There are 2 protein chains.
Amino acid sequence: MPLVVQKFGGTSLGDAERVRAVADHVARTRRQGNDVVVVVSAMGRTTDDLIRLAGDVSVVQPPRELDMLLTSGERVSMAVLCMALAELGVDAVSFTGSQAGIITDTTHTRAKILEVRGDRLREALGARRVPVVAGFQGVSTDHDVTTLGRGGSDTTAVALAAALGADLCEIYTDVTGVFSADPRIVPTARRLGRVSFEEMLDIAASGGRVLALRSVEFARNHHVPLHVRSSFTWEPGTWVVEEEPSMEQAVVTAVTHDTSEAKVTVVRVPDTPGLAARLFRALADANANVDMIVQNISVHGTTDISFTVPRVDLPASLQVCEDLAQEIGAGEVLADDAIAKVSLVGAGMRSHPGISATMFETLATHGINIEMISTSTIRITCVVRAERVEDAVQALHRAFELDV
Amino acid sequence: MPLVVQKFGGTSLGDAERVRAVADHVARTRRQGNDVVVVVSAMGRTTDDLIRLAGDVSVVQPPRELDMLLTSGERVSMAVLCMALAELGVDAVSFTGSQAGIITDTTHTRAKILEVRGDRLREALGARRVPVVAGFQGVSTDHDVTTLGRGGSDTTAVALAAALGADLCEIYTDVTGVFSADPRIVPTARRLGRVSFEEMLDIAASGGRVLALRSVEFARNHHVPLHVRSSFTWEPGTWVVEEEPSMEQAVVTAVTHDTSEAKVTVVRVPDTPGLAARLFRALADANANVDMIVQNISVHGTTDISFTVPRVDLPASLQVCEDLAQEIGAGEVLADDAIAKVSLVGAGMRSHPGISATMFETLATHGINIEMISTSTIRITCVVRAERVEDAVQALHRAFELDV
């Protein structure tokens, strides 16, 4: 019997009525002859409410306790979903991250999965029951409750699909799939029927918010086909699959953008081997999620190093840079949080030279200045002023003829 | 260093401000030279909200999932209390029932504690940290999450105090102690400075709602001194301790009442040995919490058996009785949910005959009819009409000169 992992996010479980709708869909999937494992996020705005409560109580929030607090949300959603399934005659049983055997490292608030044991889930499936698993959470090798950080529930779903050898992992969300650009900015954006893991990785990494990067990485590494679709319309969405040699490829698949990052520049870094390594090791140790890195050529024995980080990591990153700059005799450290990234993603780029030239020309024509550039084989990213990013997305979507 | 277990109920943790007040008190207790273990309930009305949500989602509520749902509440309160303690510079660490080593049987929604391992708590105390433990919950021998039922957090606190060899278990609540009668009914009721375990058992069993019966039993069996006090005024409350031979005893300590029960009568039960045993075994198997039992003398080879149960157990109890009545050829089964119990409790009764006569006379003088009577060495309970119970409490409180 095929095994499907179905993941439902917070908006999909927004209230009692939505929980019942999800239960209906799980029951239907089962009637159609599948075994199902369900992964749930916390209901609606629960997580935000808990964060607000913590803020009301205390400024000091030890990460271990923050994890304990936030993992209460999935307990609620999985328990009530099991009840709704029971009412439909489906024998469902809830499992916390710990009970599901999701073993993580000890990094609270952004733990990494080390191992998925999954014995209790296999046992439940063997007894024809539907396991409903708390997303986003695990148990550390120290037996403490951990959370997986942003996009954690998607990661839980993919990790379980891989561990259980599922045929498919369905990610239910409040949009109908992955689009050629953000439909709020480009109303003519198309829903993509099928993208490769590589494209999806670059879409996620460059600002497409439908799937978290790490869950796509996990899916690619473990060959888990993903289907991103809506829990409101239940219509087919976007398949994320292995790239097939026969797959006809558009040159450019999507235009993505990201306004959540900030730029840091360390000026006049002495051009001594190993200094960049020390800087980025120190940033990694501070858990700053460095994204783009640009180092200009050396002039007069010094160089400027720029990089982007999520805006939440900016204070920690500045601290690291300022400490190191003093130590190594570099110049000042500049921060800029009014930037945005705009990217083109497409597996077809590999065999089509000149895409970057067209991209830069298009931006220039619209008077949009490019501040940083970074390219991979299937992606080109430019950093621009945040206030011009919507214009940039619209211009590029038109220039590459991605409209419906 | 003395070890104190402090338990805080839902109203004590009603909002962010209350959480900070509790943290202040814990920190102060610590500064005064004590080791502290804290046990918490869910904040304010959380549990009621969760029960309402479950009702909105589904009529069918498997007990295992109900336990999973309800145990989310303590995770929230213990995490935010740890944050508030951290802000005061107190190194606190939260533990779920499972992490605290509270091992229970597999009876969901009313599990019994089989064992308290407590290794992690001892380790935390050894490191001079304050363990904050989720009350009301444990983990079953099947590794499922369980709850301890009504008064479960008190039971957690007492069980931990016993397991850790604590010097004292403080139960913080929204009243200032145990009273000679419910102050809402008898405004002149006195706060009792000190009661014996035996009196407290009978007070709890006969309707005193301050402490749950099982937590008092547990405290008595493990010789854990209890101090019931207010988290709003922080003033000393009522001590529940071993009875000392020198303790001067009032004849009657308190008048209690209980309006949460219903009465069931099985009419014309054949007077055959073993029938009563079968009836009460069947009721126990249905988890009905039978309280008072009265069997009249046999007339014409049959007898009437009456008993009281919590009103919530009435439907299940009636089913059991009707099935058995048919099987054994008894008469009809009568239910009455408009009753109340009124009781006198006092260790001094043992050596003072005539208390019951005074009680019955007092009720008769006030025109209150007695429907059932049950006595123990330190308690007398009468079942009366529910509508007359407040009159009964007031009359008895006056008759036995319990007023301030």
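What you are looking at is a predicted structure, and each value in this text was computed from that prediction instead of being measured.

Asks: Help me out: how do you make sense of the overall build of chain A in this one?
Replies: Looking only at helices and strands, chain A features twelve helices and 20 strands. In terms of overall dimensions, chain A is globule-like: its C-alpha atoms have a radius of gyration of 23 Å, near the 22 Å expected for 404 residues. Projected onto its principal axes, the C-alpha coordinates of chain A cover approximately 75 × 50 × 35 Å.

Asks: Just checking my understanding: could you explain the interface of chain B and chain A for this structure?
Replies: One frequently used descriptor of interface size is the decrease in accessible area upon assembly of the parts. Each partner contributes to the interface: chain B provides 32 residues, whereas chain A provides 32 residues. Secondary structure elements with two or more residues in the side of chain B that touches chain A: α1 (16-31), α2 (46-57), α3 (63-70) and α4 (72-87) of chain B. Broken down by element, the side of chain B that touches chain A gets its largest block of residues, eleven residues, from α4(B). Taken together, the residues of the side of chain B that touches chain A break down into 19 nonpolar, seven polar and six charged.

Asks: How do you make sense of unusual backbone geometry when you look at a structure like this?
Replies: Residues and elements named next belong to chain A. At R128, a residue that is not glycine, the phi angle is positive and equals roughly 60°. The residue R128 is located in the loop between α5 (119-126) and β6 (130-134) in this model. The phi torsion at R268 lies on the positive side, around 50°, for a residue other than glycine. Mapped onto the elements of the fold, R268 is located in strand β14 (residues 261-270). R268 sits in the partly exposed class, given 17 other C-beta atoms within 10 Å.

Asks: Explain the sheet that holds strand β19 (residues 372-376) of chain A to me, please; I cannot follow it from the model alone.
Replies: Adjacent strands of a sheet pair through backbone hydrogen bonds, lying either parallel or antiparallel. Residue and element names in this part refer to chain A. The strand order across the open sheet formed by four strands is β13-β18-β20-β19, and the pairing between neighbours is antiparallel. Each edge of the sheet is formed by a strand with only one pairing partner; in this case those strands are β13 (254-258) and β19. Strand after strand, the sheet turns through a mean of 20° between neighbouring axes, direction not considered. With seven bridges connecting them, strand β18 (residues 339-345) and strand β20 (residues 379-385) associate as antiparallel partners. What sits directly across from V345, in β20, is R379. Sitting on the sheet, helix α11 (residues 355-365) is in contact with β18, β19 and β20, with an inclination near 20° to β20. Packed on one face of the sheet, helix α12 (residues 389-399) meets β13, β18 and β20 and runs near 15° to β18.

Asks: Quick question: what am I supposed to make of the pairing of strand β3 (residues 92-95) of chain A here?
Replies: Within a regular strand, the side chains alternate between the two sheet faces. Residue and element names in this part refer to chain A. Residues A92 and S94 point to one face of β3 and V93 and F95 to the other, with burial holding for every one of them. With four bridges connecting them, β3 and β6 associate as parallel partners. Bridge pairing in β6 links V93 to P131.

Asks: Before we go on, may I ask you to explain the relation of the copies chain B and chain A in this structure?
Replies: Note: a rotation about an axis with an accompanying shift along it relates these two copies of the chain. Note on the copies: chain B fits chain A at an RMSD of 0.1 Å, the axial shift is 0.0 Å, and the rotation between them is 180°. The operation mapping one copy onto its partner corresponds to a two-fold rotation axis. Across chain B, the rotation axis passes nearest the C-alpha of B:S72, at a separation of 2.4 Å. Counting the interface residues of chain B, we find that 97% of their copies in chain A are interface residues as well, pointing to one common contact surface.

Asks: I'm lost on the nonpolar core in this one. Help?
Replies: One recurring pattern in soluble globular proteins is that nonpolar side chains are buried together. The biggest cluster of nonpolar side chains holds 215 residues, and the ones touching the most others in it are A:V38, A:V80, A:L81, B:V38, B:V80 and B:L81. A per-element tally of this core places helix α4 (residues 72-87) of chain A first, with ten residues. Contact partners of B:V80, with chain neighbours within four places excluded, come to A:L53, A:A54, A:V57, A:L69 and B:V19.

Asks: Whenever I open this one, helix α2 (residues 46-57) of chain A confuses me. Can you help?
Replies: In an α-helix, one full turn covers 3.6 residues, which means residues spaced three or four apart are oriented alike. The end-to-end C-alpha distance of α2(A) is 17 Å, a good match for the 16 Å that twelve residues give at a rise of 1.5 Å each. Buried residues along α2(A) sit against α3 (63-70) and α4 of chain A together with α1 and α4 of chain B.

Asks: Would you mind showing me how to read the environment of A:A16 here?
Replies: Along the polypeptide, A:A16 turns up in helix α1 (residues 16-31). Separated by 377 residues in sequence, A:A16 and A:V393 place their C-alpha atoms 38 Å apart. Among all residues touching A:A16, those that are not within four sequence positions of it are B:L53, B:D56 and B:V57.

Asks: Would you mind showing me how to read the pairing of strand β14 (residues 261-270) of chain B here?
Replies: Relative to strand β16 (residues 302-310) of chain B, β14(B) is paired through eight bridges, and the arrangement is antiparallel. In the strand pairing of β16(B), B:V264 is matched with B:F307.

Asks: Teacher, can you tell me more about the sheet that holds strand β7 (residues 137-140) of chain B here?
Replies: Residues and elements named next belong to chain B. Taken in spatial order, the four strands line up as β5-β4-β7-β8 in an open sheet, and their pairing is mixed. Both edges of this open sheet fall to β5 (113-116) and β8 (145-147), since each of them pairs with a single strand only. Looking at each pair of strands side by side, their axes are set apart by 45° on average, direction ignored. Bridge count for strand β4 (residues 102-104) against β7 is two bridges, and the pairing is parallel. Paired with T104 across the strands is S140, a residue of β7. On the sheet, helix α6 (residues 152-163) packs against β4, β5 and β8 and is oriented at approximately 40° with respect to β5.

Asks: Can you walk me through the environment of A:R190 in this structure?
Replies: All names here are of chain A. Following the sequence through the fold, R190 ends up in the loop between β9 (168-173) and β10 (194-196). Along the chain, R190 and T253 lie 63 residues apart, while their C-alpha atoms are 9.8 Å from each other. With residues near it in sequence (within four places) discarded, R190 still touches F179, S180, L402 and V404.

Asks: How should I be thinking about the confidence of the model for chain A in this particular structure?
Replies: Taken over all residues, the pLDDT of chain A has a mean of 91, while the share at 70 or more is 98%. Here the predicted complex carries an ipTM of 0.75, next to a pTM of 0.81.

The rules we used
Residues numbered from 1 in each chain as written. Chains lettered and ligands numbered in written order. Predicted model: local features only at pLDDT ≥ 70, side-chain atom pairs only at ≥ 80, totals over all residues. Helix = DSSP H or I, 4+ residues; strand = E, 2+ residues; numbered from the N terminus. Rg over C-alpha atoms; globule rule 2.2 N^0.38 Å. Contact = placed C-beta atoms within 7 Å. Nonpolar A, V, L, I, M, F, W, Y, C, P; charged D, E, K, R; others polar. Buried ≥ 20, exposed ≤ 12 C-beta atoms within 10 Å, placed from the backbone. Pairing = 2+ DSSP bridges. Axes fitted to C-alpha atoms, helices over the stretch in contact; angles between N-to-C directions. Least-squares fit on C-alpha atoms with pLDDT ≥ 70 in both. Core = buried A, V, L, I, M, F, W, Y, C linked by C-beta atoms within 7 Å. Expected span 1.5 Å × (residues − 1). pLDDT = per-residue confidence, 0-100.

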